[in-house]
Amino acid sequence: MPSYDRLSALLDPATTVLLTVECQQGVVGPDSALPELAKEARDSGALANVARLVAAAHESGVQVIHAIAERRPDGRGANHNARLFRAAERLPVQQLSGTEAVRVAAPIEVAEQDFVVRRLHGLSPIQGTDVDALLRNLGCRALIVTGVSANVAIPNAVFDAVNRGYVVVVPRDAIAGVPSDYTPAMISHTLALVATVATTDEVLGCFGRPRRVRPA
């Protein structure tokens, strides 16, 4: 685990952004298209920890971006070049634009100052979306990556952010994947090589510092 001083130096609220990945009703909600993943996100405490981080970010002035994966009802523009995409087309719950499935899931609260970035293609919440431009315009230096899944979208987000020059922090208890023992293995053998791995409580401790004004 990083020392408090080191983590605190990374997570200046004025230059830190919290990213939630696919924490939407149709993925982690009670009527999820992926019930095993939804159950793991809830039973492990990951979803609750994402909600804690979002609430603390709102209090401390850390910018929050919610990355949502969705598709048009006609499927136009969606990928078809991998088994994952083809399987998603057959799921009983579809992540269709404008439906309840693509709303941010409870207990996470979306504040007026949050950004909600929606993508219609690909595997990454950063590549090919507005996220990178928003981060640069916000003066982001450190990106906290949370949400699901540790199998696909989370490592995509971490690698894309690192490749773009951001420092990435991953709260190990605020991400989830399936099966349950895969997430710690992914963290230890992959994410820890490129990101700073901490706990939700350690990140929250850094959020508790006096608030600084974020540049307009």
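Values in this document were obtained by computation on a predicted structure and should not be read as measured data.

Engineer: Quick question: what am I supposed to make of helix α4 (residues 46-60) here?
Structural biologist: Note: α-helices contain 3.6 residues per turn, so residues at a spacing of three or four share the same orientation. Helix length check: α4, at 15 residues, gives a terminal C-alpha distance of 21 Å against a target of 21 Å (1.5 Å per residue), a fit within 8%. Among the 15 residues of α4, 11 are classified as buried, and the element is accordingly described as predominantly covered. Taken residue by residue, α4 has Ala46, Leu47, Asn49, Val50, Ala51, Leu53, Val54, Ala56, Ala57, His58 and Ser60 as its buried positions. Directly after α4, the chain includes Gly61, whose backbone phi takes a positive value near 90°.

Engineer: I keep staring at the environment of Thr20 and nothing clicks. Help me out?
Structural biologist: When you line up the elements, Thr20 lands in strand β1 (residues 16-21). Owing to a relative accessible area of 1%, Thr20 belongs among the buried residues under this scheme. Not counting chain neighbours up to four residues away, the residues in contact with Thr20 comprise Val50, Val54, Ile65, His66, Ala67 and Thr146. A distance of 2.9 Å separates the side chain of Thr20 from the side chain of His66, its partner in a polar contact.

Engineer: Explanation requested: the pairing of strand β5 (residues 167-171) in the structure shown.
Structural biologist: Every regular strand shows the same layout, with side chains that alternate between the two sheet faces. In terms of residue burial, β5 counts as a mostly covered element, since four of its five residues are buried. Looking at chain direction, strand β4 (residues 142-148) and β5 are connected through three bridges and run parallel. Along β5, the bridge assignment pairs Ile144 with Val169. Bridge count for β5 against strand β7 (residues 196-198) is three bridges, and the pairing is parallel. Considered in β7, the bridge of Val169 is made with Thr196.

Engineer: Help me understand the pattern of salt bridges in this model?
Structural biologist: Within this structure, the stated rule accounts for nine salt bridges. Of the charged contacts, one joins Arg72 and Asp74 as a salt bridge, the two residues approaching to 2.6 Å between their closest N and O atoms. Residue classification places Arg72 among the partly exposed residues on the basis of a relative accessible area of 36%. The class for Asp74 is partly exposed, based on a relative accessible area of 46%. Here Arg103 and Glu100 are joined by a salt bridge, their closest N and O atoms 3.2 Å apart. Glu100 sits in the partly exposed class, given a relative accessible area of 48%.

Engineer: I'm lost on helix α7 (residues 153-163) in this one. Help?
Structural biologist: Those residues of α7 that fall on the buried side of the exposure criterion are Ala153, Ile154, Pro155, Ala157, Val158, Asp160 and Ala161. Packed against the buried residues of α7 are β1, β4, β5, β6 (175-176) and α8 (182-194). Immediately downstream of α7, the backbone of Gly165 shows phi near 95°, a positive value.

Engineer: Just checking my understanding: could you explain unusual backbone geometry for this structure?
Structural biologist: Across the chain, the bulk of peptide bonds are trans and the bulk of non-glycine residues have phi less than zero. Geometrically, the link from Val148 to Ser149 is a cis peptide bond, its omega value of -10° lying close to zero. Here Ser149 shows up in the loop between β4 and α7. Of the consecutive residues Val178 and Pro179, the connecting peptide bond is found in the cis state with omega at -5°. One can find Pro179 in the loop between β6 and α8. A positive phi angle, close to 55°, is found at Glu22, a residue other than glycine. Considering the arrangement of structural elements, one finds Glu22 in the loop between β1 and α2 (25-28).

Engineer: Could you clarify how one ought to interpret the packing of α7 against α8 in this entry?
Structural biologist: The geometry of a pair of packed helices is captured by two quantities: the angle between their axes and the separation between those axes. Closest axis-to-axis distance for the α7/α8 pair is 9 Å, and the angle between their directions is 20°. One finds that α7 runs roughly parallel with respect to α8. In this structure, α7 crosses over α8, and the sense of that crossing is left-handed. Listed contacts from α8 to Ile154, Pro155, Val158, Phe159 and Val162 of α7 are Met186, Thr190, Leu191 and Val194. Of the residues assigned to the contact of α7 with α8, the class counts are eight nonpolar, one polar and no charged.

Parameters and conventions
Residues numbered from 1 in each chain as written. Predicted model: local features only at pLDDT ≥ 70, side-chain atom pairs only at ≥ 80, totals over all residues. Heavy atoms only, no water. Helix = DSSP H or I, 4+ residues; strand = E, 2+ residues; numbered from the N terminus. Expected span 1.5 Å × (residues − 1). Buried < 20%, exposed > 50% of the residue type's maximum accessible area, 1.4 Å probe, protein only. Contact = heavy atoms within 4.5 Å. Polar contact = N/O pair within 3.5 Å; in protein donor to acceptor, adjacent residues only side chain to side chain. Pairing = 2+ DSSP bridges. Salt bridge = Lys/Arg side-chain N within 4 Å of Asp/Glu carboxyl O. Axes fitted to C-alpha atoms, helices over the stretch in contact; angles between N-to-C directions. Parallel < 35°, antiparallel > 145°, perpendicular 65-115°, else oblique. Left-handed = near helix turned anticlockwise from the far one by under 90°. Nonpolar A, V, L, I, M, F, W, Y, C, P; charged D, E, K, R; others polar.

These figures come from the coordinates and say nothing about function on their own.
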